[in-house]
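# Remarks on the overall topology
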Amino acid sequence: MIPKTYLEFEKSLELSNVPKEWSDGLKSAWYDAKGDWEASHNIAQDMHNTLGSWLHAYLHRKEGDRFNAGYWYRLAKKEYPTITLDEELKVIVEYMIKNKT
């Protein structure tokens, strides 16, 4: 089931595997939230759109690579965030849920 709220997304983290019917963006966010940066990054880097760039930026920010993150934020047409990583992940997930992406 595709989450309708961020709380539903958080509840899905109890699952062993990401739901197959989810979009690549939600899958990427799920893997990151589960602590698998590499799996999340592998998905995000293959998403050749603004959302993929945003996820990619977030992941490099999380990694501590401000220069690389800045590049991807610019591609995503986003300002470098001042919010926490947890807050940004929530914003991204809520964006995907709202826009069904």
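See the structure above.
In this text the structure is predicted, and so the values were computed from the model without any measurement.

## Regarding helix 2 (residues 24–33)
Counting buried residues along helix 2, seven of its 10 residues qualify, which places the element largely inside the surrounding structure. Listing the buried residues of helix 2 in full gives Gly25, Leu26, Lys27, Ser28, Ala29, Trp30 and Asp32. Contacts from the buried residues of helix 2 go to helix 1 (6–12), helix 3 (37–44), helix 4 (50–63) and helix 6 (85–99).

## Observations concerning the packing of aromatic side chains
By the definition in use, this model includes six aromatic pairs. Aromatic pair Tyr73 and Tyr80: ring centres 5.2 Å apart, planes at 65 degrees, arrangement edge-to-face. Counting every residue linked through ring pairs, the aromatic cluster contains Tyr6, Phe9 and Trp22. Here Arg66 stacks its cationic end above the ring of Tyr80, 3.9 Å away from the centre of that ring. The cationic tip of Lys78 hangs over the ring face of Tyr95; the distance from NZ or CZ to the ring centre is 6.0 Å.

The rules behind the values
Residues numbered from 1 in each chain as written. Predicted model: local features only at pLDDT ≥ 70, side-chain atom pairs only at ≥ 80, totals over all residues. Heavy atoms only, no water. Buried < 20%, exposed > 50% of the residue type's maximum accessible area, 1.4 Å probe, protein only. Helix = DSSP H or I, 4+ residues; strand = E, 2+ residues; numbered from the N terminus. Contact = heavy atoms within 4.5 Å. Phe/Tyr/Trp six-rings, centres within 6.5 Å; stacked < 30°, edge-to-face > 60°. Lys NZ or Arg CZ within 6 Å of the ring centre and 35° of its normal.

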